[in-house]
Amino acid sequence: MTTQLPIKHLLGIKGLEASHIQTIFETADNFKSLLNGPVKKTPALRDITIANLFFENSTRTRVSFELAEKRLGADIVNFSSSSSSVKKGETLIDTVNNILSMKVDMVVMRHPAPGACVFLSKYIDAQIVNAGDGTHEHPTQALLDAFSIREKFGDVAGKKIVIIGDILHSRVALSNIYCLQLLGAEVMVCGPATLIPKNIHHLGVSVTHTLQDALKWCDVANVLRIQLERQDERHFPSLKEYSSLYGLTLERLKGLDKEICIMHPGPINRGVEISSDVADGEHSIILQQVENGVAVRMAVLFLLGQQRL
Amino acid sequence: MSQPKLLISQAKFDLIVKRFALQLIEIHGDFANSAMIGLQPRGVNLAKRILDVITELQPENSLRYGELDHTFFRDDIGRGEIFMPKRSTINFSTEGLQIIMVDDVLYTGRSVRASIDALMSFGRPKQIELMVLVDRRFKRELPISPNYVGVEVDSRSTGEHVKVDWSETLQQVWLLSNKE
């Protein structure tokens, strides 16, 4: 084991070191073998209570965190903003402090505002795990993506990974860029110019606007969804046009002289950014990503949770 | 105690390992329904050496072997020390098997309690036995007793600890004061 995880919160991948990520992966390896056994539960965090605060819709991340928490034996409370006093005008700090006064040790939060988790960490005592904050970061998604690449290839270092799609609005893209680079991978982003931040090359990634060039270059293609809910203006003429230029189809992959690994953080818009035959094809590890998500989140919660009790 | 005390010399260590192997062959026969589980981290070293001797003495045995980490089942998580798990490698179901758990030193019994819980994650064994190189029998905090013991140490002092050297060429066990 390389080192421990000397952080109180997981607010983003930025600020972590490669050794921290290796620690998380090695712990997740253990949880994954546990999850594949007949009894999937441990009492490791039986003394702690975790609040899942979801101020934004989620299926995978929320179920994944809930399963991870339950399998670690933690007590959990779930909160979604649509059925809460947030609708009555309560502030974020008030909402969270009220929940914490009921003796909650850890908060897993998703919020539409970038930086919401960082902000909250300055004002409350509990540990915070960022489950996605606006267009900022989604650290556990990046960790499980990198963990899945490591599982597929044995190592992330030296691999060429292209992130395709709506980079501008994607927290997954940003966290993935930080995480993959820390682990020694080369990262390229691909999409229409209007959906790629104009200074993104400062992060050390290469940029292309041609899907076929990206596919020729890469070992792994991580395909992102078009985040229509975050777009307050039109960035491309139509979904049909986007799909014809940037949609990953079997025909495009067949034109290559190699096999590339296909990833998608979900939710998938079939027929837009990726066709069904690619998403369900033999080179897709989309469902392995979801499976690994529970083990990686168990690792993060275990490593943070045991610091606190 | 000022001078380190040699509890087990290399010669005695070899004798104990051979005795363990012979005892297991006597009790478990051809090991058709048995599995040996080395407890991480140091029980694994002892288990592998016993396994080697069993294979020498009885080449056709069918003893299954696995390694178990109990970190996630400890009762002191979040109480100061930060624990990092080692890998559990048990590639078979323990359902209905007679398990021999192997560890180097039995002290408070808490690791063994956690290991029993961890082992239950892999199925419901018919029986679990415990084999230890050193039993500090007066320091138990839980009602746990080994089935096979290398040596017993009767020291009641909390200022002493048992150190096992596990180099490739030399295996020795010392009783040291905590300052050493």
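Values in this document were obtained by computation on a predicted structure and should not be read as measured data. (Residues numbered from 1 in each chain as written. Chains lettered and ligands numbered in written order. Predicted model: local features only at pLDDT ≥ 70, side-chain atom pairs only at ≥ 80, totals over all residues. Heavy atoms only, no water.)

**Regarding the nonpolar core**
Argument step 1. In this structure, Phe31, Val129, Leu143 and Leu301 of chain A are the most contacted members of the largest nonpolar core, which totals 88 residues.
Argument step 2. In terms of residue count, the dominant contributor to this core is helix α11 (residues 286-305) of chain A (10 residues).
Argument step 3. Composition of this core by domain shows at least three residues from each of domain 1 (18-136 + 291-305) and domain 2 (139-289) of chain A.
Argument step 4. Within the second largest apolar cluster, 31 residues are counted, among which are Ile8, Ala47, Leu63 and Val164 of chain B. (Core = buried A, V, L, I, M, F, W, Y, C linked by side-chain atoms within 4.5 Å. Buried < 20%, exposed > 50% of the residue type's maximum accessible area, 1.4 Å probe, protein only. Helix = DSSP H or I, 4+ residues; strand = E, 2+ residues; numbered from the N terminus. Domains from an automatic or database assignment.)

**Concerning the packing of aromatic side chains**
All names here are of chain A.
Argument step 1. Scanning the entire structure with this criterion turns up nine aromatic pairs over all chains.
Argument step 2. Relative to Phe302, the ring of Phe31 lies with its centre 5.8 Å away and its plane at 75°, an arrangement referred to as edge-to-face. You can see Phe31 sitting in helix α1 (residues 18-35) and its partner Phe302 sitting in helix α11, a full 271 residues away along the chain.
Argument step 3. The exposure class assigned to Phe302 is buried, which follows from its relative accessible area of 0%. (Phe/Tyr/Trp six-rings, centres within 6.5 Å; stacked < 30°, edge-to-face > 60°.)

**Examining the domain arrangement of chain A**
Residue and element names in this part refer to chain A.
Argument step 1. Splitting chain A by domain gives domain 1 (18-136 + 291-305) and domain 2 (139-289).
Argument step 2. Taking only C-alpha atoms into account, the centre of domain 1 sits 26 Å from that of domain 2.
Argument step 3. Taken together, the contact pairs 28 residues of domain 1 with 25 residues of domain 2.
Argument step 4. When domain 1 packs against domain 2, close to 2,100 Å² is buried across both sides, 58% of that on carbon and sulfur atoms.
Argument step 5. Applying the counting criterion to the domain 1 and domain 2 interface returns three salt bridges. (Contact = heavy atoms within 4.5 Å. Buried area = accessible area lost by both parts, 1.4 Å probe. Salt bridge = Lys/Arg side-chain N within 4 Å of Asp/Glu carboxyl O.)

**A closer look at the packing of helix α2 (residues 60-71) of chain A against α11 of chain A**
Residues and elements named next belong to chain A.
Argument step 1. For the pair α2 and α11, the least separation of the axes is 8 Å and the interaxial angle reads 55°. One element, α2, and the other, α11, form an angle in the oblique class. The element α2 and its partner α11 pack so that their crossing is right-handed. Mapping the contact onto sequence places Arg60, Thr61, Ser64, Phe65, Leu67, Ala68, Glu69 and Arg71 in α2 and Val290, Gly293, Val294, Arg297, Met298 and Leu301 in α11.
Argument step 2. Residues belonging to the contact of α2 with α11 are distributed by class as follows: seven nonpolar, three polar and four charged. (Axes fitted to C-alpha atoms, helices over the stretch in contact; angles between N-to-C directions. Parallel < 35°, antiparallel > 145°, perpendicular 65-115°, else oblique. Left-handed = near helix turned anticlockwise from the far one by under 90°. Nonpolar A, V, L, I, M, F, W, Y, C, P; charged D, E, K, R; others polar.)

**Details of the interface of chain B and chain A**
Argument step 1. Taken together, the contact pairs 20 residues of chain B with 23 residues of chain A.
Argument step 2. Taken together, both faces of the contact between chain B and chain A bury some 1,800 Å²; the carbon and sulfur share is 61%.
Argument step 3. The largest share of the area that chain B buries against chain A comes from Phe72, Ile82 and Met84 of chain B, three residues that together contribute 36% of it.
Argument step 4. Asp29 of chain A is the salt-bridge partner of Arg87 of chain B, the closest N and O atoms lying 3.2 Å from each other.
Argument step 5. Applying the counting criterion to the chain B and chain A interface returns six residue pairs in polar contact (both at pLDDT 80 or more). (Polar contact = N/O pair within 3.5 Å; in protein donor to acceptor, adjacent residues only side chain to side chain.)

**Side note on the packing of helix α5 (residues 139-153) of chain A against α11 of chain A**
Residues and elements named next belong to chain A.
Argument step 1. Where α5 contacts α11, the two axes come as close as 8 Å, and the packing angle between them is 115°. Crossing of α5 against α11: the hand is right-handed. In this structure, α5 contributes Thr140, Gln141, Leu143, Leu144, Asp145, Phe147, Ser148 and Glu151 to the contact, and α11 contributes Gln288, Gln289, Asn292, Gly293, Val296, Arg297 and Val300.

**Section: the confidence of the model for chain A**
Argument step 1. Summarising the model, chain A shows a mean pLDDT of 91, and 96% of its residues fall at 70 or more.
Argument step 2. Considering each helix and strand of chain A separately, the mean pLDDT is smallest for helix α3 (residues 92-100) of chain A, with a value of 85, and largest for α5 of chain A, with 98. (pLDDT = per-residue confidence, 0-100.)

**A few points about the pattern of salt bridges**
Oppositely charged side chains are able to pair whenever their charged atoms sit close together.
Argument step 1. Counting across every chain of the model gives 19 salt bridges over all chains.
Argument step 2. In this structure, the salt-bridge partner of Arg62 of chain A is Glu66 of chain A, at a minimum N-O distance of 3.6 Å. On the criterion of helical spacing, the pair formed by Arg62 of chain A and Glu66 of chain A is a turn pair, its members being four residues apart in helix α2.
Argument step 3. Residue class for Glu66 of chain A comes out buried when judged on its relative accessible area of 18%.
Argument step 4. Bridged by salt links that share partners, the residues Asp29 and Arg150 of chain A together with Arg87 of chain B form one connected network.

**With respect to the sheet that holds strand β1 (residues 5-8) of chain B**
Sheets are built from strands paired through backbone hydrogen bonds, the pairs being either parallel or antiparallel.
Residues and elements named next belong to chain B.
Argument step 1. Strand order in the open sheet formed by three strands is β1-β8-β7, with antiparallel pairing between adjacent strands. Looking at the sheet topology across the chains shown, the edges are occupied by β1 and β7 (160-166). Between one strand axis and the next, the sheet turns by 30° as a mean value, whatever way the strands run.
Argument step 2. As defined by bridge partners, β7 adjoins strand β8 (residues 171-177) across seven bridges and the pair is classed as antiparallel. Bridge pairing links Val162 to Leu175 in β8.
Argument step 3. Seen against the sheet, helix α1 (residues 10-28) touches β1, β7 and β8 and runs at an angle of roughly 25° to β1. (Pairing = 2+ DSSP bridges.)

**Regarding the sheet that holds strand β9 (residues 261-263) of chain A**
Residue and element names in this part refer to chain A.
Argument step 1. If you walk across this open sheet you meet the five strands as β7-β6-β5-β8-β9, and the pairing is parallel. Since the sheet does not close on itself, it has two edges, and those belong to β7 (206-208) and β9, each with one partner. With strand direction ignored, the average angle separating the axes of adjacent strands in the sheet is 25°.
Argument step 2. For strand β5 (residues 160-164) and strand β8 (residues 220-223), the ladder comprises four bridges, and the chain directions are parallel. Within β8, the residue paired with Ile163 across the bridge is Asn222.

**As for the environment of Glu282 of chain A**
Argument step 1. In this structure, Glu282 of chain A sits in the loop between α10 (276-279) and α11.
Argument step 2. Separated by 90 residues in the primary sequence, Glu282 of chain A and Pro192 of chain A place their C-alpha atoms 28 Å from one another.

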